[in-house]
Amino acid sequence: VIIGEKAKVADPDCHVVDIPFTRFATELGNPIYTSTVAVGVVLGMLKADEKILHEFLREFFARKGEEVVAKNIEAAKKGYTHGTHICFLEGIEIAVPRKKNDSLELLLDGAEAVGLGALQAGCNFISSYPMSPGTPLLNFLAKHGGAMRVVVDQAEDEIAAINMAIGAWYGGARAIVTTSGGGFALMCEGVSLAGMIETPVVIHIGQRPGPATGLPTRTEQADLNLVLYAGHGEFPRAIYAPGTLSEAFMVTQEAFRVADKYQIPVFILMDQYLIDSIAVISEKDLEKLPVVQHIVETKEDYQRYALSKNGISPRGIPGYGTGLVGVDSDEHDEAAHITESAEVRLAMHGKRLKKFEGLAKESLPPVVSGNPKKAKTVVVTWGSNFGVVEEALDKLQDEYFMHVHFPQVYPLPESGKKLLSKTKRIVVIENNVAGQFANLLQQEYGIVIKERILQYDGNPFAVEDVMKKLQKLI
């Protein structure tokens, strides 16, 4: 056990290596350098490249002046030397394999992965009211908005935020809003507005325990039903729930594509654990999708809500062409004129709902690991539980189990139904008390799911706990 100076350990069998972090920092003139000394010690024990550490310190502390930079580098050197000295004296050998990188590697958290996905998808507008854990996406786009030509607006409230995003899409922008469950509750009328006027909008939601303020710094997956049924009336939508950072990057692009093509509200549903999780991923793992604009140049006879076989009307924007781009939040005819005609109502409502067919066909397939022919139990996840279950099953090394992860939770893919319908036993793992995704699978696929592993104390699942609970099923 390696700990700081003057520490006391009750266990007599515990070997203590005393490291005078604070003394080293004080010798440099200020205890504030303690953390840099500690980093140096760890990297010295790992035999990391000391030059890279110094380059990082120069960049990180550059704005504080050359003296601060020099002191931190000196602190890092002192710690690094002591770390290598500890390994020599204690006979400690730590071998960390060094990869030969042939591609750029990025240190990202979940919010940054979504932000990069949004930028890759051509996002140029974000309007949001801060609410953790959704705020980091707003911060990321605000930080890089100038360089990437993104208009960033901190709205006065969530109602204004979603309405501005809808207005931005109407004008030809590609917009996103970010919030959490309590903030999204205020956006529901705006979601219905987007459904009626058939204007795209992408909504990122960071889930935390509720109801009300709940546990604002903890994690949960209890807003699926809220998003699935948000808004009054019936209209199409799509919901994505990434389980990894690379998946978050990919589904964010997909969210913009689907919103633009089908002219509907699309949700990226994440949880606090994934949003704040940090990992190193290769640039090769970031799948870049082409940006396709579904905007037409209007003519004099343009009709915004023209009836079509697939339910998708040509979307024009004001100023691009000679046609009038009308919108109406009331029921309307093809030219966007208000109507109470039952005949027109049936035609227009049927047109909007027709989009479900195309959405279902384009649903992302589930990610499958394990042998479908040998497995007797399928473990189902959505969101951040993907990694926990993958690690648990890797440790168990039991062909009894197969893992099926859904990066898209609505509409559900037909391939998922085929997988689960052939299985004798299904267990769904999620962070809520009701088993919301398990209920949705039963409803949409017509299957029975008797076993659920649920956790709702605000903490993510631990690999060891998942392993124990799965072993009981054998």
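This one's a predicted model, so the numbers in the text were calculated from it and none came from an experiment.

**Q** Hey, could you run me through the environment of Glu247 in this one?
**A** Relative to the helices and strands, Glu247 resides in helix H11 (residues 245–262). Judged by its relative accessible area of 10%, Glu247 is buried. Separated by 102 residues in the primary sequence, Glu247 and Gly145 have C-alpha atoms spaced 23 Å apart. Residues in contact with Glu247, not counting those within four places in the same chain, are Ala241, Pro242, Val367, His405 and Pro407.

**Q** Is there a simple way to explain the sheet that holds strand E13 (residues 401–405) in this structure?
**A** Sheet strands associate in pairs through backbone hydrogen bonding, adopting either a parallel or an antiparallel arrangement. Within the open sheet, the 5 strands sit side by side as E11-E13-E12-E15-E16. Their pairing is mixed. Of all the strands in the sheet, the pair left with one neighbour each is strand E11 (367–369) and strand E16 (451–454). Pairwise comparison of adjacent strand axes, ignoring direction, gives a mean angle of 20 degrees for this sheet. Bridging between E11 and E13 involves 3 bridges; their strand directions are antiparallel. Bridging from a neighbouring strand, Val368 pairs with Val404 of E13. Across the sheet, helix H17 (residues 436–445) lies against strand E12 (377–381), strand E15 (425–430) and E16, angled at about 140 degrees from E15, the strand it touches most.

**Q** Before we go on, may I ask you to explain the pattern of salt bridges in this structure?
**A** Oppositely charged side chains are able to pair whenever their charged atoms sit close together. Evaluation of the coordinates by the stated rule reveals 15 salt bridges. With a shortest N-O distance of 3.5 Å, Lys78 and Glu27 are connected by a salt bridge. Here the residue Lys78 occupies a position in helix H4 (residues 66–90), and Glu27 occupies one in helix H1 (residues 21–27), the gap between them amounting to 51 residues. The class for Glu27 is partly exposed, based on a relative accessible area of 47%. Residue Arg174 is joined to Asp260 by a salt bridge in which the shortest nitrogen-to-oxygen separation is 2.5 Å. Highlighted residues: Arg174 in the loop between helix H7 (158–170) and strand E6 (175–180) and Asp260 in helix H11, separated in sequence by 86 residues. Accessibility assignment for this pair places Arg174 and Asp260 in one class, buried. Here the residues in one salt-bridge network are Glu254, Arg257, Lys261 and Glu362, joined through shared partners.

**Q** In this structure, what is going on with the packing of helix H2 (residues 34–45) against H4? I would like to understand it.
**A** To describe two helices that pack against each other, one gives the angle between their axes and the distance between the axes. One can describe the packing of H2 onto H4 by two numbers: an axis separation of 6 Å at closest approach and a directional angle of 40 degrees. When the axis of H2 is compared with that of H4, the two are oblique. Read as a crossing pair, H2 and H4 show a hand that is right-handed. Between H2, through Thr36, Val37, Gly40, Val41, Leu43, Gly44 and Met45, and H4, the contact on the second element is made entirely by Asn72, Ala75, Ala76, Gly79, Tyr80, Gly83, Thr84, Ile86 and Cys87. Its residues placed into classes, the contact of H2 with H4 shows 9 nonpolar, 7 polar and no charged.

**Q** What is the right way to look at unusual backbone geometry in this model?
**A** Most peptide bonds are trans, and most residues other than glycine sit at a negative phi. The omega angle of the peptide bond from Ser132 to Pro133 is 5 degrees, so this bond is cis rather than trans. Take Pro133: it is sitting in the loop between strand E4 (125–128) and helix H6 (135–148). Residue Pro211 is bonded to the preceding Gly210 through a cis peptide linkage, with omega at 0 degrees. With respect to the helices and strands, Pro211 occurs in the loop between strand E7 (201–207) and helix H10 (224–228).

**Q** Honestly, helix H18 (residues 463–471) in this entry has me stumped. Any pointers?
**A** Residue pairs three or four apart in sequence face the same way in an α-helix, which turns once every 3.6 residues. All of the buried residues along H18 are Val463, Val466, Met467 and Leu470. One side of H18 carries all its buried residues, which in axial view fall inside an arc of 100 degrees. On its buried face, H18 is in contact with E12, helix H15 (385–396), E13, E15 and E16.

**Q** What exactly am I supposed to notice about the pairing of E4 here?
**A** The side chains of a regular strand alternate between both faces of the sheet. Residues Phe125 and Ser127 of E4 are buried on one face, and the alternating residues Ile126 and Ser128, pointing to the opposite face, are buried as well. Summarising the sheet, E4 and strand E5 (residues 151–154) pair through 4 bridges and their orientation is parallel. In the sheet register, Ile126 faces E5, and the bridge partner there is Val152. Regarding topology, H6 serves as the crossover connection from E4 to the parallel E5, and that connection is right-handed. Sheet topology note: the E4/E6 ladder contains 2 bridges and is parallel. Bridge pairing in E6 places Ile126 opposite Ile176.

**Q** Would you explain the sheet that holds E4 in this entry?
**A** With mixed pairing, the 7 strands of this open sheet are ordered in space as E5-E4-E6-E7-E9-E8-E14. The sheet is open, and its two borders are formed by E5 and strand E14 (408–410), each paired with just one other strand. Sheet twist, expressed as the mean angle between neighbouring strand axes with direction ignored, is 20 degrees. Set on the sheet, helix H9 (residues 188–197) makes contact with E7 and strand E9 (265–271); between it and E9 the angle comes to about 145 degrees.

**Q** Help me out: how do you make sense of the packing of helix H5 (residues 110–120) against H6 in this one?
**A** Interaxial distance between H5 and H6 falls to 9 Å at its minimum, and their mutual angle equals 40 degrees. The angle between the axes of H5 and H6 places the two elements in the oblique class. Handedness of the crossing formed by H5 with H6: right-handed. Two secondary-structure elements touch here, H5 through Ala111, Glu112, Val114, Gly115, Leu116 and Leu119 and H6 through Pro136, Leu137, Phe140, Leu141 and Met148. Class assignment for the residues of the contact of H5 with H6 results in 9 nonpolar, 1 polar and 1 charged.

**Q** Before we go on, may I ask you to explain the packing of aromatic side chains in this structure?
**A** For any pair of aromatic rings, the description consists of the separation of the ring centres together with the inter-plane angle of the planes. Applying the stated criterion across every chain, the model contains 8 aromatic pairs. Arranged with centres 5.4 Å apart and planes meeting at 65 degrees, the rings of Phe406 and Phe437 form a pair that is edge-to-face. With Phe406 in the loop between E13 and E14 and Phe437 in helix H17, this residue pair connects regions lying 31 residues apart in the sequence. The same class applies to Phe406 as to Phe437, namely buried. Within the aromatic cluster, the residues linked to one another by ring pairs are Phe56, Phe60 and Phe61.

What counts and what doesn't
Residues numbered from 1 in each chain as written. Predicted model: local features only at pLDDT ≥ 70, side-chain atom pairs only at ≥ 80, totals over all residues. Heavy atoms only, no water. Helix = DSSP H or I, 4+ residues; strand = E, 2+ residues; numbered from the N terminus. Buried < 20%, exposed > 50% of the residue type's maximum accessible area, 1.4 Å probe, protein only. Contact = heavy atoms within 4.5 Å. Pairing = 2+ DSSP bridges. Axes fitted to C-alpha atoms, helices over the stretch in contact; angles between N-to-C directions. Salt bridge = Lys/Arg side-chain N within 4 Å of Asp/Glu carboxyl O. Parallel < 35°, antiparallel > 145°, perpendicular 65-115°, else oblique. Left-handed = near helix turned anticlockwise from the far one by under 90°. Nonpolar A, V, L, I, M, F, W, Y, C, P; charged D, E, K, R; others polar. Arc of directions from axis to C-beta. Right-handed = clockwise from strand over helix to strand, strands pointing away. Phe/Tyr/Trp six-rings, centres within 6.5 Å; stacked < 30°, edge-to-face > 60°.

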